[in-house]
Amino acid sequence: MFSQEESDGDSAAAIAAKMSVSRLVRYSIDRLRVELSTMETASAVFWARAEQLGQGYPEHLFLNPISTPVFMFPLWVEQSLSATQDVDFQYELAYASIALYFYVRILDDAMDGHFESGSLLPLLTSLFAHCTHALQNLFPHGDQFWAYFHKLIDLATEGMVVDFTATDLGSEDFCRLAAQTFYCALIPVAAVLCRYKRCDQFERWSELWHAFSAWNQMQDDIRDWYMDQKNGLCTYLLSQAQRLKRKDESVEQWMIRDGYRWSMGVLNQFAKRVREIAAELNIPEMEKELKARTDQGSRQLEHLCDTLSRIDRGMGRVLNGHVG
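Owing to the predicted nature of the structure, the values given are computational and were not obtained by experimental measurement.

Draft legend 1. Just the confidence of the model for the protein chain, in detail. Of all residues in the protein chain, 81% have pLDDT values of 70 or greater, and the mean over the chain is 82. A low-confidence stretch, residues 2-17 stays under pLDDT 50, and its non-local contacts, those more than four residues away or across chains, total 15 contacts. A low-confidence stretch, residues 316-324 (pLDDT under 50), is modelled with 3 contacts involving residues beyond four sequence positions or located in other chains.

Rendered as structure tokens:
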């Protein structure tokens, strides 16, 4: 990537530009295209699906407002530990992270019943191999990092299987499974901490990530509840819908009447916890970014809640003969 001399001679502004999430993502996507190009058919099918998921551009999977903070966590961790940033390290780590992201995304989509991703299951071996090879470039055999790597992979695997086989989820189950399902995203965080010999901070960063992943998963469940129900999936939101709806009421009716509003309350609780932990870590850039992302998600769903509430009230007036 960049020579050490080039990095040392750069101004802080120049290094910051090189370390932007957009540059990290685009470099990683381009590199993955080259690495997978030897598999002509599998590569073509994979990038067709990646473009479909990214609405024409695979980069959009990582540069949208929801995903971007995930790829900023390793930068924030390094920022908290060092006045300078290791450019080459972060680029190699970004590549490993994106290969791992695609691995998890394809697996998760296939488990959710998306046929397009199910056809790509044979590619998972290659994606995981590219991820681990990049990490091996950063950490030799026997490094403490590998203990974190294997533990987090196992926790993520357990979480995905439990989540897929669950038939009812309560609040504690949801928070635990949201954390476990997204444990793979803690691998880059552990990598930075191991790089700087500050593994003592892993639990605090892990706590922040757990709070963020719960918020992120809840937002996803709110947006996808109808398709999740149609596909017979169990989520915390759908479990609560069954518990809270009236006996003569469908899940759809409860969602319009009260479900979105209830969901917003839970989502805002998770967002508050994210901001509290971020404030304790005292990284102003991170605090600002996470607040902006959680606020944006809340505003979008709040607008949806208001719209559905007006529809519900309007339908009530029609059914009760109070029109005009």
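Draft legend 2. Looking closely at the packing of aromatic side chains. Under the defined criterion, the tally for this structure stands at 27 aromatic pairs. Aromatic side chains Trp209 and Phe212 sit 5.5 Å apart centroid to centroid with 35° between the ring planes, which places their arrangement in the tilted category. A residue pair is termed a helical-turn pair when its members lie 3 or 4 positions apart in one helix, as Trp209 and Phe212 do in helix α13 (residues 202-230) at 3 residues. As far as the burial class goes, Trp209 and Phe212 line up, both buried. Taken together, a centroid distance of 5.7 Å and an interplanar angle of 35° make the contact between Phe212 and Trp215 tilted. Placement of both Phe212 and Trp215 in helix α13 is noted, with a separation of 3 residues, approximately one turn of the helix.

Draft legend 3. Fine view of helix α15 (residues 251-281). Along α15, the largest kink reaches about 60° and is centred on Asp258. Directly after α15, the chain includes Asn282, whose backbone phi takes a positive value near 55°.

Draft legend 4. Region of the structure containing the packing of helix α4 (residues 40-53) against helix α7 (residues 87-111). Their axes nearest at 12 Å, the elements α4 and α7 cross at an angle of 80°. The angle between α4 and α7 falls in the class roughly perpendicular. Seen from α4, the contacting residues are Phe46, Arg49, Ala50 and Leu53; seen from α7, they are Phe102, Arg105, Ile106 and Asp109. For the contact of α4 with α7, the per-class residue count stands at 5 nonpolar, no polar and 3 charged.

Draft legend 5. Structural context of the packing of α7 against helix α9 (residues 124-138). At a minimum axis distance of 8 Å, the contact between α7 and α9 shows a crossing angle of 160°. On the basis of the axis angle, α7 is roughly antiparallel to α9. For the pair α7 and α9, the sense of crossing is left-handed. Contacts between α7 and α9 pair Phe89, Glu92, Leu93, Tyr95, Ala96, Ala99, Leu100, Phe102, Tyr103, Ile106 and Leu107 from the former with Leu124, Leu127, Phe128, His130, Cys131, Ala134, Leu135, Asn137 and Leu138 from the latter. Across the contact of α7 with α9, the residue classes tally to 17 nonpolar, 2 polar and 1 charged.

Draft legend 6. Quick look at the side chain of Arg49. Within the secondary structure layout, Arg49 lies in helix α4. On the accessibility criterion, Arg49 (9% relative accessible area) is buried. For Arg49, the side chain forms a polar contact with the side chain of Asp109, separated by 3.4 Å.

Reading the values: rules and limits
- Residues numbered from 1 in each chain as written.
- Predicted model: local features only at pLDDT ≥ 70, side-chain atom pairs only at ≥ 80, totals over all residues.
- Heavy atoms only, no water.
- pLDDT = per-residue confidence, 0-100.
- Contact = heavy atoms within 4.5 Å.
- Phe/Tyr/Trp six-rings, centres within 6.5 Å; stacked < 30°, edge-to-face > 60°.
- Helix = DSSP H or I, 4+ residues; strand = E, 2+ residues; numbered from the N terminus.
- Buried < 20%, exposed > 50% of the residue type's maximum accessible area, 1.4 Å probe, protein only.
- Bend = angle between axes of the 7 residues up to and from the residue.
- Axes fitted to C-alpha atoms, helices over the stretch in contact; angles between N-to-C directions.
- Parallel < 35°, antiparallel > 145°, perpendicular 65-115°, else oblique.
- Nonpolar A, V, L, I, M, F, W, Y, C, P; charged D, E, K, R; others polar.
- Left-handed = near helix turned anticlockwise from the far one by under 90°.
- Polar contact = N/O pair within 3.5 Å; in protein donor to acceptor, adjacent residues only side chain to side chain.

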